[in-house]
Amino acid sequence: MDTKDNILSICDSLHVLGQQKAAEDIRMIAEKGRPSLEDLSSCLRDCAARFSNERFERYARRAKIGSLCSFSDIIDSPERRLDLEYISELNSLGFIRSGFNLVIWGPPGTGKSWIARMIATSACAAGLRTRWTSFPVLYDQLLRLYRNTDGQTLDSKLMYYSRFDLLCIDEFPNVSQMDPFLVQQMFNTFSERGHSILLCMQCQPEKMEELFSITSIGQSIKGRILQKAKRLHLSGTDLRLTDVS
């Protein structure tokens, strides 16, 4: 097979992968004469960058994160006492690859949701299946299925949320009343799948059982979440009431 045939074979492969733009670019280079390896390498690097950006945008839309966040945009100040080295380590996503959960806790407005979105954004960029939701929205959705079906639809919805590499649950629990059995079923299903949960909450994780009317169920849920979990405690003033400009 000569050089031209090799190039045409590359173009065909790129078409199969859905990279028509890169295939046409390489074909045009070949038609202008004998292409150099440098030209081909540059074209393929551009193709890889486009593919990475397209994949990230697709994963971010599917994750429903909302505002995308970056580590470089973290608001740091002495009173917040942020451990930037540890946050950077979490943002490298090793805890997900090791099958750990992450609990981010602290008072309102200290940046829990923001850092969770940063990690979710990084997960999408890394090609990890990611889903963002708030606990009130998730709980309301599951409660309606719990009350109105024979259980199969509820199980299907729980399995849907369980298939993500990273499931981010903000505002836990933040509902006026919880059915502890439903919440237990939810976290039992999630933990059995072995994927990572990122949970944002105000309560100290070790006191999580106090959130539930049945202490033993609260202890069971706490055990499911914290058995393999990283923790990040945020403190300081409410950023929403502070001029950070």
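See above for the structure.
Residues numbered from 1 in each chain as written. Predicted model: local features only at pLDDT ≥ 70, side-chain atom pairs only at ≥ 80, totals over all residues. Heavy atoms only, no water.

Participant: Please clarify how the overall build of the protein should be interpreted in this entry.
Facilitator: The number of helices and strands found in the protein is ten helices and five strands. Buried residues in the protein amount to 42% of all 245 residues. Long-range contacts, defined as pairs at least 24 residues apart, comprise 76% of the intrachain contacts of the protein with a sequence gap of at least 6. When the accessible area of the protein is evaluated, it comes to approximately 13400 Å², of which 49% is carbon and sulfur surface. (Helix = DSSP H or I, 4+ residues; strand = E, 2+ residues; numbered from the N terminus. Buried < 20%, exposed > 50% of the residue type's maximum accessible area, 1.4 Å probe, protein only. Contact = heavy atoms within 4.5 Å. Areas by Shrake-Rupley, 256 points an atom, 1.4 Å probe, with all protein chains shown as cover.)

Participant: What should I look at first to understand the environment of Leu 138 in this one?
Facilitator: Along the chain, Leu 138 turns up in helix α7 (residues 135-148). For Leu 138, a relative accessible area of 0% puts it in the buried group. In sequence terms Leu 138 and Leu 158 are 20 residues apart; their C-alpha atoms lie 10.0 Å from each other.

Participant: How do you make sense of helix α6 (residues 112-125) when you look at a structure like this?
Facilitator: Three- or four-residue spacings in an α-helix give side chains the same orientation, since the helix completes a turn every 3.6 residues. The first and last C-alpha atoms of α6 sit 20 Å apart over 14 residues, in line with the 20 Å expected at 1.5 Å per residue. Of all 14 residues in α6, ten are buried, a share of seventy percent or more. Every buried residue of α6 is listed here: Lys 112, Ile 115, Ala 116, Met 118, Ile 119, Ala 120, Thr 121, Ser 122, Ala 123 and Cys 124. Two residues or fewer after α6 comes Gly 127, characterised by a positive phi angle close to 80°. (Expected span 1.5 Å × (residues − 1).)

Participant: I tried to follow the sheet that holds strand β2 (residues 130-134) on my own but got confused; where do I start?
Facilitator: Adjacent strands of a sheet form backbone hydrogen bonds with each other and so pair up, either parallel or antiparallel. A sheet is described by the order of its strands in space; here five strands give the open sequence β2-β3-β4-β1-β5, paired in parallel fashion. Only two strands of the sheet have a single partner each, and these edge strands are β2 and β5 (229-233). Each strand of the sheet is rotated relative to its neighbour by a mean of 15°, with strand direction disregarded. Sheet analysis places strand β1 (residues 101-105) next to strand β4 (residues 196-201), joined by four bridges and oriented parallel. Opposite Val 103, over in β4, you have Leu 199 as the bridge partner. (Pairing = 2+ DSSP bridges. Axes fitted to C-alpha atoms, helices over the stretch in contact; angles between N-to-C directions.)

Participant: Help me understand the pattern of salt bridges in this model?
Facilitator: Here the idea is simple: oppositely charged side chains can pair when their charged atoms come close. Counted by the stated rule, this structure contains four salt bridges. With a closest N to O distance of 3.2 Å, Asp 165 and Arg 129 form a salt bridge. Of this pair, Asp 165 sits in the loop between α8 (152-162) and β3 (166-172) while Arg 129 sits in the loop between α6 and β2, and the two are 36 residues apart along the sequence. For Asp 165, a relative accessible area of 18% corresponds to the buried category. Among the residues examined, Arg 129 registers a relative accessible area of 34% and is labelled partly exposed. (Salt bridge = Lys/Arg side-chain N within 4 Å of Asp/Glu carboxyl O.)

Participant: Honestly, the nonpolar core in this entry has me stumped. Any pointers?
Facilitator: Buried together is how nonpolar side chains tend to be arranged in soluble globular proteins. By size, the foremost hydrophobic cluster in this structure holds 31 residues, and its most contacted members are Ile 169, Val 183, Met 186, Phe 187 and Phe 190. Within the residue set of this core, elements represented by two or more residues are β1, α7, α8, β3, α9 (180-193), β4 and α10 (215-226). Broken down by element, this core gets its largest block of residues, six residues, from α7. With near-sequence residues (within four places) excluded, Met 186 lies in contact with Phe 135, Leu 138, Leu 142 and Leu 158. (Core = buried A, V, L, I, M, F, W, Y, C linked by side-chain atoms within 4.5 Å.)

Participant: What am I meant to see in the packing of aromatic side chains here?
Facilitator: Aromatic rings in a pair are described by how distant their centres are and how their planes are angled relative to each other. Applying the stated criterion across every chain, the model contains six aromatic pairs. Relative to Phe 190, the ring of Phe 187 has its centre 6.2 Å away and its plane inclined at 85°; by these criteria the two rings are edge-to-face. Of this pair, Phe 187 and Phe 190 both sit in helix α9, separated by three residues, roughly a single helical turn. Cluster of aromatic residues (ring-pair linked, three or more members): Phe 135, Tyr 139, Phe 172, Phe 187 and Phe 190. (Phe/Tyr/Trp six-rings, centres within 6.5 Å; stacked < 30°, edge-to-face > 60°.)

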